[in-house]
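Here are the chains, one letter per residue:
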Amino acid sequence: MSATGTPDPEETAAAPLLSVVKGQPNAEELAALTAVVLSLGGQEAAKPAAPTARHWARRQRLGLAPTPGPGAWKRSKG
């Protein structure tokens, strides 16, 4: 470990990510296991923030027309 508290690249490369405790997996089985384990540890993609009701109420108070696009007819003053 370095003086800053981070592990050295040589130390992290030497440590295995997975170890098989029992059995003799072949290359395909080990690849499948690695793919499954790596897919479980990922972060979910961030969903885009939808406009809040406060946003639409402010647009209505200012007298602004709804923005064009899918569902614009729902936001019309009808």
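Residues numbered from 1 in each chain as written. Predicted model: local features only at pLDDT ≥ 70, side-chain atom pairs only at ≥ 80, totals over all residues. Heavy atoms only, no water.

A. Structural detail: the overall build of the protein. Counting its secondary structure elements, the protein contains three helices and zero strands. Sorting the 78 residues of the protein into buried and exposed places 3% on the buried side. For the protein, the exposed surface amounts to about 7,400 Å²; the carbon and sulfur share of it is 60%. (Helix = DSSP H or I, 4+ residues; strand = E, 2+ residues; numbered from the N terminus. Buried < 20%, exposed > 50% of the residue type's maximum accessible area, 1.4 Å probe, protein only. Areas by Shrake-Rupley, 256 points an atom, 1.4 Å probe, with all protein chains shown as cover.)

B. Looking closely at a nonpolar patch on the surface. A grouping of Leu17, Leu18, Val20, Leu30, Leu33 and Val37 is seen on the molecular surface, where their side chains present a nonpolar patch of about 530 Å² in accessible area. Within the element layout of this structure, Val20 appears in the loop between α1 (9-14) and α2 (27-40). Residue classification places Val20 among the partly exposed residues on the basis of a relative accessible area of 41%. (Patch = residues over 30% accessible without salt bridge, like charges linked within 9 Å, V, L, I, M, F, W, Y side chains within 5 Å. Salt bridge = Lys/Arg side-chain N within 4 Å of Asp/Glu carboxyl O.)

C. Looking closely at α2. Spanning 14 residues, α2 covers 20 Å between terminal C-alpha atoms, matching the ideal 20 Å at 1.5 Å per step. Two to three positions downstream of the cap, the backbone nitrogen of Glu28 sits 3.3 Å from a side-chain oxygen, assigning the N-cap of α2 to Asn26. (Expected span 1.5 Å × (residues − 1). Polar contact = N/O pair within 3.5 Å; in protein donor to acceptor, adjacent residues only side chain to side chain.)

D. Here's a closer look at the environment of Val20. When the C-alpha atoms of Val20 and Leu30 are compared, they prove to be 8.9 Å apart, with 10 residues separating the residues in sequence. Beyond its immediate sequence surroundings of up to four residues, Val20 is in contact with Pro25 and Leu30. (Contact = heavy atoms within 4.5 Å.)

E. Spatial organisation of the confidence of the model for the protein. Of all residues in the protein, 64% have pLDDT values of 70 or greater, and the mean over the chain is 75. Confidence, expressed as mean pLDDT per element, reaches its minimum in the protein at α1 with 64 and its maximum at α2 with 88. (pLDDT = per-residue confidence, 0-100.)

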